[in-house]
Amino acid sequence: MATEGGGKEMNEIKTQFTTREGLYKLLPHSEYSRPNRVPFNSQGSNPVRVSFVNLNDQSGNGDRLCFNVGRELYFYIYKGVRKAADLSKPIDKRIYKGTQPTCHDFNHLTATAESVSLLVGFSAGQVQLIDPIKKETSKLFNEERLIDKSRVTCVKWVPGSESLFLVAHSSGSMYLYNVEHTCGTTAPHYQLLKQGESFAVHTCKSKSTRNPLLKWTVGEGALNEFAFSPDGKFLACVSQDGFLRVFNFDSVELHGTMKSYFGGLLCVCWSPDGKYIVTGGEDDLVTVWSFLDCRVIARGHGHKSWVSVVAFDPYTTSVEESDPMEFSGSDEDFQDLLHFGRDRANSTQSRLSKRNSTDSRPVSVTYRFGSVGQDTQLCLWDLTEDILFPHQPLSRARTHTNVMNATSPPAGSNGNSVTTPGDSGPPPLPRSNSLPHSAVSNAGSKSSVMDGAIASGVSKFATLSLHDRKERHHEKDHKRNHSMGHISSKSSDKLNLVTKAKTDPAKTLGTSLCPRMEDVPLLEPLICKKIAHERLTVLVFLEDCLVTACQEGFICTWARPGKVGLLSSPNQASSPGGTVV
């Protein structure tokens, strides 16, 4: 049984919670699931995933929802906070034999009311292109598993492209495909294009152009997820080896790296302006990494188990020129950042970039992001300017900078062509042992979107014109003995002992790749609520609601403050609690 938000029992599932914006409420009648609503036996199954697209039709209800549960894939009209879900009428339903869907992604650029392109990755390694509106199956890629036999962990359309898509596998490889090309009847032969620290990129050698156009080999172990930056120029990848690697996608250059505290990294997302990257993983932490400075700026400890999804909330992120305490949750600039919109404006991205990077004293900035994990908890976090722009006496930081620069180069300084901020005297950090970072300037601001033609072949892949996008997430079964949940957030000595036993030979702990717990600010979650019986695998921020999903196959809608009144059914509006089936 679910209870209302004030329960004290640890096992009680919360159906509402309050933040500074107001009260968020679970809408039980707006829950999507399998039509018979029978919970799915999640043991040993691939995670439930959810993808959204907006078809921009004239009905005012253009949102569509795709989700996978076990061997099944469903496609529904998503009615959100406006109307109860009608589970008896899926637009499309597919049941697969011998393999299971693991991830999916809509092409927002080409979506119309009559047709939509949906990519689906599978546990046996194939990728399928389907149109759930026309109920067509267009193509199957890697059908004979000649390219890669391992599970597909993440699939995304390349931003701004109607035909290019990127696929990651648990083998640690990524492949760039073109939907117009075939995969060939024999295993591909590759030629080295570029090589760097812990990565290599190969082109496909063939008399005629065939898939894959490119093969990326990244790190060691599974490549768990990747995410394109808001302007589409950069690619962030997280792997089972615990590394975040950020590439310039056009030039295939490594921009910077970061190492988890221990264990693999499972999920990654970008801030709406592309200045920060958040990761989560098997260290039970969320880690905030500065793209401009190539360094960890904060860690968040609130989960008691592995973090499976991280996502920024563009609607609650605020930029204020006056009173730092003023909250701008309804700022219209941020409404254009809704992840499934086809017409994306860059006003907010430009606004954040300019204000954060050109002023000596930045305006009040608050980034909101969320995380869900295998502990069945939802956490919301605020990243505020006291973390982003610390102000302390300079002497300590400069002394520490000199020591660090003498021993190890900063991440990202490997001679690549990526522009980074200026190297004037670094501002200090809020702790005495903080690692150095360069001053924030406008040299590295990326606020505009490239325009131009999308490359149709490998020879032009570096000229890609890229666009906004939204990331999905991958997670892995939880092993209790890896959990940090029993350790107090203040007991950094205990954390270091645990980590030393599990650190890889690179000895990254205590370096700029992986600062110690006491060397960076520790974030506390705004809220941390148990909201499901099974591990959580989905978190999506929409304009009027949050969407979460658990491994039982239930997709839940949480109305934002003031949005519950939009419901067409009176009993829904008056029943924030209720029972979760």
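Residues numbered from 1 in each chain as written. Predicted model: local features only at pLDDT ≥ 70, side-chain atom pairs only at ≥ 80, totals over all residues. Heavy atoms only, no water.

*Asks:* Account for the overall build of the chain, naming residues and giving values.
*Replies:* Of the regular secondary structure elements, the chain holds 5 helices and 35 strands. Counting over 581 residues, the chain shows a buried share of 61%. Restricting to contacts in the chain with at least 6 residues of sequence separation, those with at least 24 account for 62%. Only carbon and sulfur atoms are counted for the fraction: they give 48% of the accessible area of the chain, which is about 22,000 Å². (Helix = DSSP H or I, 4+ residues; strand = E, 2+ residues; numbered from the N terminus. Buried < 20%, exposed > 50% of the residue type's maximum accessible area, 1.4 Å probe, protein only. Contact = heavy atoms within 4.5 Å. Areas by Shrake-Rupley, 256 points an atom, 1.4 Å probe, with all protein chains shown as cover.)

*Asks:* Go over the UniProt feature "repeat: WD" (unreviewed entry) in the chain with me, naming the residues and quoting the values.
*Replies:* Mapped onto this numbering, the UniProt entry annotates "repeat: WD" (unreviewed entry) at residues 258-290. As annotated, residues 258-290 has a helix share of 0% and a strand share of 61%, and its two end C-alpha atoms lie 10 Å apart. (UniProt positions renumbered as here; feature names shortened; annotations may be inferred.)

*Asks:* Lay out the sheet that holds strand β19 (residues 223-228) in plain terms, naming residues and giving numbers.
*Replies:* By definition, the strands of a sheet pair up through backbone hydrogen bonds, in either a parallel or an antiparallel sense. Ordered in space as β19-β20-β21-β22, the 4 strands form an open sheet in which the pairing is antiparallel. This sheet does not close on itself; its edge strands, each paired only once, are β19 and β22 (253-259). Recorded for the sheet is a direction-independent mean angle of 20° between the axes of neighbouring strands. The sheet contact formed by β19 and strand β20 (residues 234-239) spans 5 bridges and is antiparallel. If you follow Phe226 over to β20, its bridge partner there is Cys237. (Pairing = 2+ DSSP bridges. Axes fitted to C-alpha atoms, helices over the stretch in contact; angles between N-to-C directions.)

*Asks:* Can you lay out the pattern of salt bridges for me, pointing to particular residues and giving the numbers?
*Replies:* Counted under the stated rule, the structure contains 10 salt bridges. Residue Glu253 pairs with Lys194 through a salt bridge whose shortest N-O separation is 3.1 Å. Of this pair, Glu253 sits in strand β22 while Lys194 sits in strand β16 (residues 189-196), and the two are 59 residues apart along the sequence. Here Asp293 ties to Arg295 by a salt bridge, and the two come within 3.9 Å at their closest N and O atoms. Among the charged side chains, a salt-bridge network with shared partners connects Arg20, Glu21, Arg368 and Asp382. (Salt bridge = Lys/Arg side-chain N within 4 Å of Asp/Glu carboxyl O.)

*Asks:* For the confidence of the model for the chain, give the residues involved together with the corresponding values.
*Replies:* Taken residue by residue, the chain gives an average pLDDT of 76. The fraction at 70 or more is 66%. Per-residue pLDDT stays below 50 along residues 1-8; that stretch engages in 20 contacts with residues further than four places along the chain or on separate chains. For residues 392-503, every residue scores under 50 in pLDDT, and the model assigns this stretch 277 contacts once sequence neighbours within four places are set aside. (pLDDT = per-residue confidence, 0-100.)

*Asks:* Let's hear about the packing of aromatic side chains: which residues, and what values?
*Replies:* Scanning the entire structure with this criterion turns up 25 aromatic pairs. Aromatic side chains Phe17 and Tyr24 sit 4.9 Å apart centroid to centroid with 15° between the ring planes, which places their arrangement in the stacked category. Comparing Phe17 with Tyr24, the two get one shared label, buried. Ring geometry for Phe141 versus Phe165: centroids 5.2 Å apart, planes at 65°, classification edge-to-face. Taken as a pair, Phe141 in strand β12 (residues 136-141) and Phe165 in strand β14 (residues 164-169) lie far apart in primary sequence, 24 residues in all. Phe165 carries the same exposure label as Phe141, and that label is buried. Clustering of aromatic rings is evident, with ring pairs tying together Tyr32, Phe52, Phe67, Tyr74, Tyr76 and Tyr78. (Phe/Tyr/Trp six-rings, centres within 6.5 Å; stacked < 30°, edge-to-face > 60°.)

*Asks:* Describe the state of the cysteines, with residues and values.
*Replies:* Scanning the model with the defined rule gives 0 disulfides in all. For Cys204, which is in no disulfide, the shortest distance to another cysteine sulfur is to Cys183 and amounts to 9.4 Å. On the accessibility criterion, Cys204 (14% relative accessible area) is buried. Considering cysteine sulfurs only, Cys269 is the nearest to Cys267, which forms no disulfide, with 7.6 Å between them. (Disulfide = S-S within 2.5 Å.)

*Asks:* Could you give an account of the nonpolar core, naming the residues involved and the relevant values?
*Replies:* Taken as a class, soluble globular proteins show a tendency for nonpolar side chains to be buried jointly. Membership of the largest hydrophobic core comes to 23 residues, with the highest contact counts inside it found for Tyr32, Val50, Phe52, Phe67, Tyr78 and Val547. Setting aside residues up to four positions removed in sequence, Val547 forms contacts with Phe52, Tyr78, Val538, Leu539, Val540, Leu542, Ile555 and Cys556. Core analysis: the next-biggest nonpolar cluster, separate from the first, contains 22 residues, Val158, Ala168, Leu176 and Phe199 among them. (Core = buried A, V, L, I, M, F, W, Y, C linked by side-chain atoms within 4.5 Å.)

*Asks:* Go over the environment of Val127, please, and point to the residues and values.
*Replies:* Structurally, Val127 is set in strand β11 (residues 127-131). With a relative accessible area of 0%, Val127 lands in the buried category. With residues near it in sequence (within four places) discarded, Val127 still touches Leu119, Val120, Lys139, Leu140, Phe141, Val152, Val155, Phe165 and Val167.

*Asks:* Talk me through the environment of Ser251; I want residue IDs and the actual numbers.
*Replies:* Note that Ser251 resides in the loop between β21 (243-248) and β22. Sequence-wise, Ser251 and Lys194 are 57 residues apart; in three dimensions their C-alpha atoms are separated by 9.5 Å.

*Asks:* Describe the sheet that holds strand β9 (residues 101-106), naming the residues involved and giving the relevant values.
*Replies:* The strand order across the open sheet formed by 4 strands is β9-β10-β11-β12, and the pairing between neighbours is antiparallel. One side of each edge strand has no neighbouring strand; the edge strands of this open sheet are β9 and β12. For this sheet, the mean angle separating the axes of adjacent strands, direction not counted, is 20°. In this structure, β11 lies alongside β12, joined through 5 bridges in antiparallel fashion. Counterpart to Ile130 in the pairing with β12 is Thr137.

*Asks:* Now, about unusual backbone geometry: what can you tell me, with residues and values included?
*Replies:* Between Asn211 and the following residue, Pro212, the backbone shows a cis peptide bond with an omega angle of -5°. Residue position: Pro212 is located in the loop between β17 (199-205) and β18 (214-218). A positive phi angle, near 55°, is found at Asn142, a position not held by glycine. Considering the arrangement of structural elements, one finds Asn142 in the loop between β12 and β13 (152-157). In this structure Asn142 comes out as buried when scored by relative accessible area, which is 2%. Unusually for a residue other than glycine, Ser198 sits at a positive phi of about 65°. Residue position: Ser198 is located in the loop between β16 and β17. Looking at Ser198, the relative accessible area reads 41%, which means it is partly exposed.

*Asks:* Break down the pairing of strand β24 (residues 276-281) for me, with residues and values.
*Replies:* Most of β24 is tucked away, with 6 of its 6 residues classed as buried. Burial along β24 is two-sided: Tyr276, Val278 and Gly280 facing one way and Ile277, Thr279 and Gly281 facing the other are all buried. Bridge count between strand β23 (residues 265-270) and β24: 5 bridges; the pairing is antiparallel. Within β24, the residue paired with Val268 across the bridge is Thr279.

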